[in-house]
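Listed below are the residues making up each chain.
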Amino acid sequence: MTRATVTTHFCASWTRGNIKVKMRDASLEKIIALQKKIPHIRNLCILAHVDHGKTTLADSLVASNGIISSRLAGKLRYLDSREDEQIRGITMKSSAISLHYTTGGNEYLINLIDSPGHVDFSSEVSTAIRLCDGAIVVVDAVEGVCPQTQVVLRQAWLENIRPVLVINKMDRLIVELKLTSQEAFTHLQKILEQVNAVTGSLFTSKVLEERAEKDAEAQIGCTENSSTDQVYDWSAGLEETDDSDLYFNPDRGNVVFASAIDGWGFRIHQFAEMYSQKMGIRFSVLLKTLWGDFYLNAKAQKIMKGAQSKGKKPLFVQLVLDNIWNMYDAVVTRRDKEKVEKMVTSLGLKVMSRDLRHSDPKVLLSAICSQWLPVAQAVLSMVCEKLPCPAEISAERVEKLMSVGARRFDSLPEQTQELKKAFLDCSAGETAPVIVFVSKMFAVDSKALPQNKQRPLTQEEISQRRELARQRHAERQAANQSAESPRSADAGGTPTQAGPASGAVTGKNLTHSTEALSVKVAVEEENKEHFVAFARVYSGVIRKGQKVFVLGPKYNPSLALRALPEGCSVADVLPSIPHMSCCTVDRLYLLMGRELEELDEVPSGNVLGIGGMEEFILKSATISTSPACPPFTPLNFEATPIVRVAVEPKHPSDMPKLVRGMRLLNQADPCAEVLIQETGEHVLVTAGEVHLQRCLDDLRERFAKIEISASEPIIPFRETVIRPPKMDMVNEDLGKQQKVAVIHQLKEEQMKNHEGIQVDSTGLVTLTTSNKMATIGVRAIPLPEEVTRFLEDNVELIRTMEQFSLFAWEDMTLDINQKILENIQDFKVKLESNLQGHKWRGAVEHIWAFGPRRCGPNILLNNIEGYRRPSIWQCLERAKETERAEIRDFDNSIVSGFQLATLSGPMCEEPLMGVCFSVETWDMKISTPLAQQDSFDEDSQPAEPNNDDQSQCSDIHETNSNRSRSRAEATGSSVDCYGPFSGQLIAAMKDACRYAFQARPQRLMAAMYTCEIMATAEVLGRMYAVLSKREGRVLQEEMKEGTDMFIIKAVLPVAESFGFADEIRKRTSGLASPQLVFSHWEVIGSDPFWVPTTEEEYLHFGEKADSANQALKYRNAVRRRKGLYVEEKIVEHAEKQRTLGKNK
């Protein structure tokens, strides 16, 4: 970049008035022209760990287009448009900007999206990656590959987008670590190996999965042709697969070494080209040898191999790094003016005299390096060469995008499969169907919209406004004179003259009030939040005023094509289809960072903003002109929303504003969730502490605009049972007598609570209904830990099986493709393999239901003698001719009771996890007419099959209460004083499950974060102190090669995580910062009901045993929050207390 262009950019960004408008219009016209050249479009996002320099790099790229000054690049952080982003110094929202770049005589349009690096905002990364074809992965040259670097590489891999690498902050190797150029080369090689190792592991897992699928198919073929001899191929398939394009290698041109803050960056191509002219060595030879174990033999004038073994300086160090190190040494370290002038002259650069005289050496360094090795040129030329254009989208990625859930591409309707060609062609023709994917909705102030922005006035408009102002002033003076003249004329005041004057005053007041009202309406309109859809066009041309279909994430094209007439279009009057709506495109915007520019049309392959979609799209959707278009695959969110707070307005009259504000927040944030609990609380669910703070700030300042108060974070827990422990609290063996005594003591307490309950020594609970007509026997068994985890991972499959069962209940069939059936079969086989042992023999075949919400990690087993009901695996058995099993009356009541019991446990009304309830007896003495009547009502109130997954898994409490109400009306006098029999059975089953649960040793399960911390050796002790204080547990500690940094992996309870990041930063003086990601649920070891029972425990803990019990503390906190009874002593031995005021 020459001095002239730098000056031009600096001046252009600060010019006001018509010059800036002309410049913007010129660049806007150029961008609109480039949008039609699909081969010259690049859609890319910048991905990295937090604080690795994404936004600083983006600033350098934005400055190359003259949008900001090159001097402000890295300081302005142009794409961080929010105030809290600027204060915290981290990106929280992904934002896009369109740039143009010329290389090799071709002009390119680069749609750049800057994404956050903080783990709390990884959902924003997912929304950005979906719209891109490539990614710039930024890695800090000192810290290397960090946890979030691995996450973003995996996200890019899952979305099938091609990455390129920028190793940033190279200046830290010189200034902070003070490495020599030779040491820096070794360090850079290791970083490159680390990044390639992550890519290699992703590639290997993919190949092995494909190999496993092939093996499974081959095994099926082998069983069919078992007579022939089979030779097993032991190779994993990795040898045949070409993976050379996947890895980062400087000689392939997909790696840039940079220091974005100092404005320089390079690829080895630039140095190879320069030295090939100087040294007379072929460019291709230099390119292959510049990175690697090669050195220059000065005598023979040859490039030789084996620099390391011969102790020679590698070519990359000698020809590249030494020059940069010398530059830093002369400018920053020694400040040698003569040497600097020589370097500037030899490089043929022009540096302004004020830069040479500047007291800060970094200013001079930036001025030299940004001309010598401009980072924008290196990065943008790499992007244009190495990243694909929209038309190069792979068929594999298209099929993946179109296959929602477990549906295979082959199972989609033919018309839908034909759309694959439109994706691959990326055509902007008139006949091409419009296909647009909206990845998120983002809020924009009314003032920021182009139609509301003030534009410079012309001379005619200025003169017109001047005339209007003069006229108004003259009218106002005339009105004042006419109002004063009657008062001065009438000294005494005649009543006849008062009429017109008061009328004038009234008219004046009315005018003022009307003006005030119009101003108020204008202010409200100005403050109103508008939503813009962040989208990309995959096919066709989207135009302003065009009618389109908006397809929700659960839209089913096969159902729609059956219901709609053939050849229908958006303009026709169509029947209503679930999850499909028609709308008109209101406005189209070009996204320019902090600004929006209005467009009339956008062709395929471009990223854009769409206005006026807030009524039709909640978070993400697919827009198309074809009803055959499937909804895109849901986004992969790495962070799970886990942190909950209850929100309420400070003034109760502001409740409607809060409700509206939370609805807007839910729409504006892809990861936040808004719930209204049964208690009436408005709950906000977020991904972490920083995310929570940002959501609350948005609610106060943007969406609700009221004072709000947020509760302490609501910590989620789970309740479970475990096997009876073999050791007591002082690690002594528990004798058999002692254990039995404790169990009997527990049973006696429970017997006092409920008269119709019996508990035997094996933990079987038998309970009779209120009218003594039915008896249920239930036993609670703890599930193995791996089974609980396995059930959690396969929620979608369990939902599908439940949906099939509901359809079968109605004698209807649900089409399930072969792939899902194979997955269900695998699920069944793995479940059988995990449930080993004599007590689990045949358990999988006897599964009655899963819960809570029919898809949770708890199991209901049918171990009733002589009752063989339809299996939950009937979707697998439909191919076989099996005799139809009979369902007993009130079967559904038993399941409903189980669902209610697992939804809220007895300890603190939290959901159960990892518990199996085995129903062993179910006897009914009910009279035949009542049974027939009740069963008739149950059959006449079927559960309607609904394709909405959430409604399938929703709490069935309301459904059952509605059924029992209608049954009570139908039966009339046949219902006894205890209410409908089915309701009694539900209540009895729920209570039996709760008592069976209490008959076992109970434990709480806490949500756990995985915590990854990078810290130096001197702060390790302080960091461990903070972890142990907060119940954390260190899993692994390893040192990063070539640095003094340690990586510590630990687990930390979510309940103890609030304020953890701030405390660690304070205690370590900012030298350690943690990354917290929700990992799993873990059983808390201590028993919340523990009391000392043995002599050793009495000696150790004392009679009161009032030492801290973590599980009891959590349990009491949850019960207190929910308004449940908490058993605790507030005052003990009150007669011994005295006031401090007494002097006795």
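Conventions and cut-offs
Residues numbered from 1 in each chain as written. Predicted model: local features only at pLDDT ≥ 70, side-chain atom pairs only at ≥ 80, totals over all residues. Heavy atoms only, no water. Phe/Tyr/Trp six-rings, centres within 6.5 Å; stacked < 30°, edge-to-face > 60°. Lys NZ or Arg CZ within 6 Å of the ring centre and 35° of its normal. Pairing = 2+ DSSP bridges. Helix = DSSP H or I, 4+ residues; strand = E, 2+ residues; numbered from the N terminus. Axes fitted to C-alpha atoms, helices over the stretch in contact; angles between N-to-C directions. Contact = heavy atoms within 4.5 Å. Salt bridge = Lys/Arg side-chain N within 4 Å of Asp/Glu carboxyl O. Buried < 20%, exposed > 50% of the residue type's maximum accessible area, 1.4 Å probe, protein only. Core = buried A, V, L, I, M, F, W, Y, C linked by side-chain atoms within 4.5 Å. Polar contact = N/O pair within 3.5 Å; in protein donor to acceptor, adjacent residues only side chain to side chain. Expected span 1.5 Å × (residues − 1). pLDDT = per-residue confidence, 0-100. Parallel < 35°, antiparallel > 145°, perpendicular 65-115°, else oblique. Left-handed = near helix turned anticlockwise from the far one by under 90°. Nonpolar A, V, L, I, M, F, W, Y, C, P; charged D, E, K, R; others polar.

Trainee: Whenever I open this one, the packing of aromatic side chains confuses me. Can you help?
Mentor: The description of an aromatic ring pair uses the distance of the two centres, along with the angle that the planes make with each other. Inspection of the entire model under this criterion finds 26 aromatic pairs. Put simply, the rings of F185, F257, W264, F266, F271, Y275, W291, F316, Y328 and W372 pair up and form one aromatic cluster. Lying across the ring of F437, R130 places its NZ or CZ 5.2 Å from the centre. Lying over the aromatic face of Y538, R536 brings its terminal NZ or CZ to 4.5 Å of the ring centre.

Trainee: Whenever I open this one, the sheet that holds strand β20 (residues 643–649) confuses me. Can you help?
Mentor: Strand pairs in the sheet, formed through backbone hydrogen bonds, run parallel or antiparallel to each other. Pairing within the open sheet is antiparallel, and its four strands lie in the order β21-β22-β20-β23. Two strands close off the open sheet at either side, each with one partner strand: β21 (673–676) and β23 (708–710). On average, each strand axis in the sheet is tilted by 30° relative to the strand beside it, whichever way the strands run. Pairing between β20 and β23: three bridges, direction antiparallel. Residue pairing in the sheet places P649 in a bridge with I708 of β23. Across the face of the sheet, helix α21 (residues 655–668) comes into contact with β20, β21, β22 (682–686) and β23 while running at roughly 25° to β22. Set on the sheet, helix α22 (residues 689–703) makes contact with β20, β22 and β23; between it and β22 the angle comes to about 135°.

Trainee: Whenever I open this one, the pattern of salt bridges confuses me. Can you help?
Mentor: Side chains that differ in charge, positive against negative, can pair when their charged atoms come close. The full count for this structure, using the stated rule, is 42 salt bridges. The residue E159 makes a salt bridge to R130 at a minimum N-O spacing of 3.0 Å. Within this pair, whereas E159 is found in the loop between α6 (147–158) and β5 (162–168), its partner R130 is found in helix α5 (residues 122–130), the two being separated by 29 residues in sequence. When its relative accessible area of 2% is taken as the criterion, R130 is described as buried. A salt bridge links K1029 to E1063; its shortest N-O distance comes to 2.7 Å. Here the residue K1029 occupies a position in helix α33 (residues 1020–1029), and E1063 occupies one in helix α34 (residues 1060–1067), the gap between them amounting to 34 residues. In this structure E1063 comes out as buried when scored by relative accessible area, which is 13%. Each of R82, D84, D669, R694 and D698 takes part in salt bridges that share partners, so that together they form one network.

Trainee: How do you make sense of the side chain of E910 when you look at a structure like this?
Mentor: Considering the arrangement of structural elements, one finds E910 in the loop between α28 (891–903) and β30 (915–924). Those residues in contact with E910 that lie beyond four places of it in its chain are P716, F717, R718, E719, L903, S904, G905, V1118, R1121 and K1122.

Trainee: What is the right way to look at the nonpolar core in this model?
Mentor: The biggest cluster of nonpolar side chains holds 106 residues, and the ones touching the most others in it are I136, I542, I610 and M613. Looking at this core, the element that brings in the most residues is helix α15 (residues 375–386), giving eight residues. For M613, the residues in contact, after removing those within four places along its chain, are M441, V548, V550, C583, V585 and I623. In this structure, V139, I268, V344 and I368 belong to the second largest nonpolar core, which totals 58 residues.

Trainee: What exactly am I supposed to notice about the side chain of R854 here?
Mentor: Among the secondary structure elements, R854 is positioned in the loop between β28 (847–851) and β29 (858–862). Among the polar contacts listed, one links the side chain of R854 to the side chain of E802, at a separation of 3.5 Å.

Trainee: Would you mind going over the environment of T289 with me for this structure?
Mentor: Position of T289 relative to the elements: it lies in helix α10 (residues 283–289). Residues T289 and I303 lie 14 residues apart in sequence; the distance between their C-alpha atoms is 7.7 Å.

Trainee: Help me understand α28, please; the structure alone is not making it clear to me.
Mentor: An α-helical turn contains 3.6 residues, so any two residues separated by three or four positions project in the same direction. For α28, built from 13 residues, the straight-helix expectation of 18 Å at 1.5 Å per residue is met to within 8% by its first-to-last C-alpha distance of 19 Å. In terms of residue burial, α28 counts as a mostly covered element, since 13 of its 13 residues are buried.

Trainee: Sorry, what's going on with the sheet that holds strand β25 (residues 757–759) here?
Mentor: Spatially, six strands are ordered β25-β26-β27-β30-β29-β28 in an open sheet, and the strand pairing comes out mixed. Where the open sheet ends on each side, the last strands, each with one partner, are β25 and β28. Direction aside, neighbouring strands of the sheet carry axes that sit 20° apart on average. Judged from the four bridges that link them, β29 and β30 form a sheet pairing that is parallel. Its bridge partner lying in β30, L861 is registered against S918. Taken strand by strand, α28 contacts β27 (774–782), β28, β29 and β30, and its axis lies near 35° from that of β28.

Trainee: Explanation requested: the confidence of the model for the chain in the structure shown.
Mentor: Caution applies to low-pLDDT parts of the model: their predicted coordinates are not meant to be read in detail. For the chain, per-residue confidence averages 80 on the pLDDT scale, and residues scoring 70 or more make up 80% of the total. The model gives residues 491–508 a pLDDT under 50, and that stretch makes two contacts with residues more than four places away or in other chains. Taken together, the stretch residues 928–974 has pLDDT below 50 and engages in 70 contacts with residues farther than four places along the chain or on a different chain.

Trainee: Would you mind going over the packing of α28 against helix α32 (residues 981–998) with me for this structure?
Mentor: For any two helices packed against each other, the geometry comes down to the angle between their axes and how far apart the axes lie. Running from N to C, α28 and α32 cross one another at 45°; their axes reach a closest spacing of 7 Å. Classified by the angle between their axes, α28 and α32 sit oblique to one another. Crossing hand, α28 versus α32: right-handed. Listed contacts from α32 to S893, I894, S896, G897, F898, L900 and A901 of α28 are S982, L985, I986, M989, K990 and C993. For the contact of α28 with α32, the residue count by class is eight nonpolar, four polar and one charged.

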